[in-house]
Amino acid sequence: MGIGYVSTMASLQKLYLRYCQQVRDLGVHHIYSMRKLRCLSLAGCSQISPNALCGLNRLPNLAELELTNCASATQAVVSYLRDNMFNCQVIQ
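Scope of this entry: the structure provided in the associated data block. (Residues numbered from 1 in each chain as written. Predicted model: local features only at pLDDT ≥ 70, side-chain atom pairs only at ≥ 80, totals over all residues. Heavy atoms only, no water.)

**Comments concerning the overall build of the protein chain**
A tally of helices and strands in the protein chain yields 4 helices and 4 strands. Order of helices (α) and strands (β) in the protein chain, N terminus to C terminus: α-β-α-β-α-β-α-β. Whereas a compact globule of 92 residues would reach a radius of gyration of roughly 12 Å, the protein chain reaches 12 Å, a difference of no more than 12%. Taken along the three principal axes of its C-alpha coordinates, the protein chain extends 30 × 25 × 15 Å. Going through the 92 residues of the protein chain one by one, you find that 42% of them count as buried. In the protein chain, of all internal contacts separated by at least 6 residues, the share reaching a separation of at least 24 is 61%. Element-wise, carbon and sulfur atoms account for 50% of the exposed surface of the protein chain, whose accessible area totals about 5,100 Å². Where the 8 positive side-chain charges of the protein chain centre and where its 4 negative ones centre are 8 Å apart. (Helix = DSSP H or I, 4+ residues; strand = E, 2+ residues; numbered from the N terminus. Rg over C-alpha atoms; globule rule 2.2 N^0.38 Å. Buried < 20%, exposed > 50% of the residue type's maximum accessible area, 1.4 Å probe, protein only. Contact = heavy atoms within 4.5 Å. Areas by Shrake-Rupley, 256 points an atom, 1.4 Å probe, with all protein chains shown as cover. Lys, Arg positive; Asp, Glu negative; His and termini not counted. Charge placed at Lys NZ, Arg CZ, Asp CG, Glu CD.)

Following this line, the structure appears as structure tokens:
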């Protein structure tokens, strides 16, 4: 089952993809449509670009974003997300 399928679950509020090396930018683009998502973990996902991470600011209800050990979660990316996602705790 891919992220494209999971993204069709409109009422999903929590998604944990920790250390899933198959997650890439295209998968993250599918996550952008998950407007009810409140908690997302991409910890250890090393195939995601900084641009894809920055796009997560499209999730208006996100309250917690875990990016621990995510190679693209540079200080600049984390700062951008914190500055643009006021109600979200970004965990680095």
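**A look at the environment of Val-77**
Mapping Val-77 onto the fold places it in helix H4 (residues 75-84). Considered as a pair, Val-77 and Asn-51 are 26 residues apart in the sequence and their alpha carbons are 8.4 Å apart. Contacts of Val-77, omitting those with residues within four sequence positions, involve Pro-50, Leu-53, Cys-54 and Ser-72.

**What to know about the pattern of salt bridges**
The final tally for this structure, using the stated rule, is 1 salt bridge. A salt bridge links Glu-66 to Arg-18, with the nearest nitrogen and oxygen atoms 3.0 Å apart. Of this pair, Glu-66 sits in strand E3 (residues 64-66) while Arg-18 sits in the loop between strand E1 (14-16) and helix H2 (25-31), and the two are 48 residues apart along the sequence. When its relative accessible area of 16% is taken as the criterion, Glu-66 is described as buried. Judged by its relative accessible area of 45%, Arg-18 is partly exposed. (Salt bridge = Lys/Arg side-chain N within 4 Å of Asp/Glu carboxyl O.)

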